[in-house]
Every structure is written in structure tokens, then in C-alpha cells.
Amino acid sequence: MAASTRAGVTLTGISKTFGDFTAVQPLDLTIPQGSFFALLGASGCGKTTTLRMIAGLEQPTTGRVVLGERDVTALPPHKRPVNTVFQSYALFPHLDVFDNVGFGLRRRGVKSVKKQVEEVLELVELGHLARRRPSQLSGGQQQRVALARAVVNRPEVLLLDEPLGALDLKLRRQMQLELKRIQTEVGITFVHVTHDQEEAMTMADTIAVMNAGQVEQLGAPVELYENPKTAFVANFLGQSNLIAAEIAGTGGSDLLLRVGDAKLTLPRARTHAGSTAVGARVLAGIRPEKIAMVARSEEAGIPAGRNRLTGTVVDTSFTGVSTQYVVNSPWCPELAVFAQNVERDRFAPGTEVVLHWDPEHTFGLDGHQDIDAGTGEGAL
Ligand code: ATP
């Protein structure tokens, strides 16, 4: 089922203060009904607090929570049409899978739970394990039971708080695809909290990237990846090369940049800088996989009109699908270049190279930001 244009969750001016610490700055967010929405950010940015305010587990300091058309701000958690799936599955150890899933329905007075439980177990592909106890299941299977237990209640909104955090990488990847399939089948609005950018990109229709209690940017995964508006988003979502540059002039729909003695072309339409006047500082961004690399001796073969920078390879690491290079250019150290593993030639450290790319792939950011925002320890 595709997401509708109706709002599933509307947060208006919602904020949360603990003592004198503001965990969530006043936030306005509309999550379309039936969509898969991810709140993505580093540890401590306020994403769980936001989720808990939707669930009713945390009372907002300011603002309102509306589910569909109903203002639920004053309602306790159990009166909200919301279920939450946590990283810890919290299954009842003495009940089997079937009874774990049917528990909520029975408590609500539903007499015949068989059909609904069977359907939802089918959905999570656990029909054959209905009579097992949680201790007889793998982590991934337990997580599916937890999901089934939430979905069977047909909540309007399903909240997922790092639900795959306890699983190993391979299972995580598999469950990401499963979760997406299940969400599409049931059409419930999913709000998913994660610090894993790949996980958010794989599953979500829309991602809100949070930083220090605020939404930095909101959009579809491709839009955020290809057109980040801040250094934090550029660095946190995938990897970016951000090159400190100065605007030297304009040419048609492009800005012409100066980086040391090199010149780069930046489409004006892809620029989110405070000022685009000559002399203004910008960060020119380019993703590592968009860059091609040739030995300096081959420079004559680079087509005209490409952005280019010279440099020296300082590190090479082979990852299987690609080789990842680190290249030092005189004006921008440690540029990352990912070369798909199709050519056998690899560049050894010390090789003098020219990096080149289509100017259309360059994005421009305000030059006054911290060039390293969203990288390093904080981003893990
Ligand atoms: P994580 O991924 O680590 O869970 P998060 O982005 O979900 O991080 P929150 O759990 O929303 O972050 O916490 C945001 C900030 O609010 C953190 O600095 C946290 O220490 C603080 N915080 C959360 N709950 C409380 C509380 N009950 N009392 C005081 N501070 C709190």
C-alpha cells in the first residue's frame, strides 16, 4: 500500500526539556499515513525522546501530538492507537509464539484470536514455529514475534526503537528487507528510530536527520544523499568530500569556484550557501563514488568540462566490491575516492593522480560550517 497524502502523525511545536537540558528543540513534523518514516541521528540527538512523546511515554514540554485527526497529547500510552517494538523483545518466556502474539488481543477481550494470529504469523513467516517458546527461537525469530505481536493489534502507528540493534549484520540486512515488505503489506505508518544511516536508507520513504535536538534535513533517501543541505547531513549520510573553496565568478547557471590554483564548477541549483556572491566561502561537496581517477601521465585523456584536482594517493584499501583510495591534494587533504572493482589496475600509494568528475555531481554548502560535522565518534 502506498503512503497517502493524509497525515498519520503530526507533531506541532513539540519539545522536551529535562531540567535545564533541552533534548528536543521545538519540532514540527508531518508523517504521511502509511509511510515508512525514519528518525536518524547520532546517539543523544533526541530521536528516542521524540518517539517516546508519540507513544505517550514522555510528556512533551511544549507542543501537540496528533494521530490522524485526533489530538492525543493528553492521552496515556495505552489509550493511543500506537504500538512500540523495542530492541529488547520483551516476550513472555512462559508463553509460546502463538500466545505471545495473541496476548494483547485476548486482553482486549477478543474471543477468537486464531485467525488474526495465524494471519500475522504468516506475514512474518513464523507459522511453522507457533508452538515454540521464545527461548527456542533465534534472535531474528524473536524479533519477528515482537513485530507480529505489535502488528496484530492493527495500530494506526507502529513505533520501532532500534528494533534490529541486537542482531548480527547479515540478519540485520535480511530483516531490513523483511520489515519493509511487511510495512508495505500492512500499510500501517511506521516510525523507525535508528543511528544506522544505511538501515534508514534501505527502509524509509522519508528520513528526518536529527542533530542536537533538531531536524537538520528531511526528505527521501535519494534526495538527502544526492542533495544534502548541511555539512552534518553530507557527512552523516554516507561519506562526502567537502572542499573549502571560494566563489570566483559565475558562468550561466553555474558558480565558478577557486580552490588553491584549481578551478571547480558548481551548479547554482545545487548550492545551499548563505551567500553566492564573489568572494563568499563555500564547501564544494562530491561523493567518493562520483570521482574518477587517472594517473597524472594520462591527464590528457580526461574529457573537457570535467572538474579536476591533482593529488597523490596516500592509502589504498581493497574492500571486495570497490577499492577505496585516500588522496592528498595540495589544498584539500584526505579526499576519498571509491573505484568499483571492474578494472584490475590499482593505484599504489605514492602515485600522482588526477581526480575528475562531472560538475553536475558537485553540491555546494555554506562555507562557515564545521567541515567535519557529522563525522567521527559522534556519528557512530
Ligand atoms: P540513543 O540513540 O543513544 O538512544 P537518542 O538520539 O535516542 O540517543 P534520546 O534518548 O532522545 O537520544 O536522548 C536525548 C538526550 O536527552 C540525551 O542527551 C539524553 O541523555 C537526554 N535524556 C533522555 N532522557 C532523559 C531523562 N529522563 N532525564 C534526563 N535526560 C534525559
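Nothing here was measured: the structure is a model prediction, and the numbers come from that model. (Residues numbered from 1 in each chain as written. Predicted model: local features only at pLDDT ≥ 70, side-chain atom pairs only at ≥ 80, totals over all residues. Heavy atoms only, no water.)

### Considerations on the packing of aromatic side chains
Here the structure, examined in full by the defined rule, presents four aromatic pairs. For the ring pair Phe92 and Phe103, a centre distance of 4.6 Å and an interplane angle of 50 degrees mean the geometry is tilted. Of this pair, Phe92 sits in the loop between strand 6 (82-85) and helix 2 (97-107) while Phe103 sits in helix 2; the two residues are 11 residues apart in sequence, bridging distant segments of the chain. Plain terms: the ring middles of Tyr325 and Phe347 are 5.9 Å apart, the flat faces sit at 70 degrees to each other, and that makes the pair edge-to-face. Of this pair, Tyr325 sits in strand 18 (residues 322-329) while Phe347 sits in the loop between strand 19 (332-340) and strand 20 (352-357), and the two are 22 residues apart along the sequence. On the basis of relative accessibility, which here comes to 3%, the residue Tyr325 falls in the buried class. (Phe/Tyr/Trp six-rings, centres within 6.5 Å; stacked < 30°, edge-to-face > 60°. Helix = DSSP H or I, 4+ residues; strand = E, 2+ residues; numbered from the N terminus. Buried < 20%, exposed > 50% of the residue type's maximum accessible area, 1.4 Å probe, protein only.)

### Some words on the domain arrangement of the protein
Domain annotation of the protein identifies domain 1 (7-226) and domain 2 (232-366). When each unit is reduced to the centre of its C-alpha atoms, the spacing between domain 1 and domain 2 is 39 Å. Counting residues at the interface gives 14 residues for domain 1, matched by 10 residues for domain 2. Taking both partners together, domain 1 and domain 2 bury about 1,100 Å²; carbon and sulfur atoms supply 62% of that area. Per-residue buried area on domain 1 facing domain 2 is highest for Gln197, Tyr225 and Glu226; these three make up 49% of the total on that side. Here domain 1 and domain 2 share one salt bridge between them. Counting only elements with at least two residues in the side of domain 1 that touches domain 2, the list comes to strand 3 (36-41), helix 6 (197-203), strand 9 (206-211), strand 10 (214-219) and helix 7 (221-226). (Domains from an automatic or database assignment. Contact = heavy atoms within 4.5 Å. Buried area = accessible area lost by both parts, 1.4 Å probe. Salt bridge = Lys/Arg side-chain N within 4 Å of Asp/Glu carboxyl O.)

### Examining the site of the ligand
Around the ligand, the structure places Phe18, Phe21, Ala23, Ala42, Ser43, Gly44, Cys45, Gly46, Lys47, Thr48 and Thr49. Here Cys45 contributes a backbone N or O atom positioned 3.0 Å from an oxygen atom of the ligand. At 2.7 Å, a side-chain N or O of Lys47 approaches an oxygen atom of the ligand. For the ligand, whose accessible area on its own is 630 Å², the fraction buried by protein is 57%. Among the secondary structure elements, those contributing two or more residues to the shell around the ligand are strand 2 (21-32) and helix 1 (47-55). (Near = heavy atom within 4 Å. Polar contact = N/O pair within 3.5 Å; in protein donor to acceptor, adjacent residues only side chain to side chain. Areas by Shrake-Rupley, 256 points an atom, 1.4 Å probe, with all protein chains shown as cover.)

### Quick word on the pairing of strand 1 (residues 7-18)
Two elements, strand 1 and strand 2, share eight bridges in a ladder whose sense is antiparallel. By the bridge assignment, Leu11 is partnered in strand 2 with Leu29. Two successive antiparallel strands, strand 1 and strand 2, enclose a turn made up of two residues, where Gly19 displays a positive phi of approximately 60 degrees. Of the pairings in the sheet, the one linking strand 1 to strand 4 (residues 62-67) comprises five bridges and is antiparallel in character. Considered in strand 4, the bridge of Thr12 is made with Arg64. (Pairing = 2+ DSSP bridges.)

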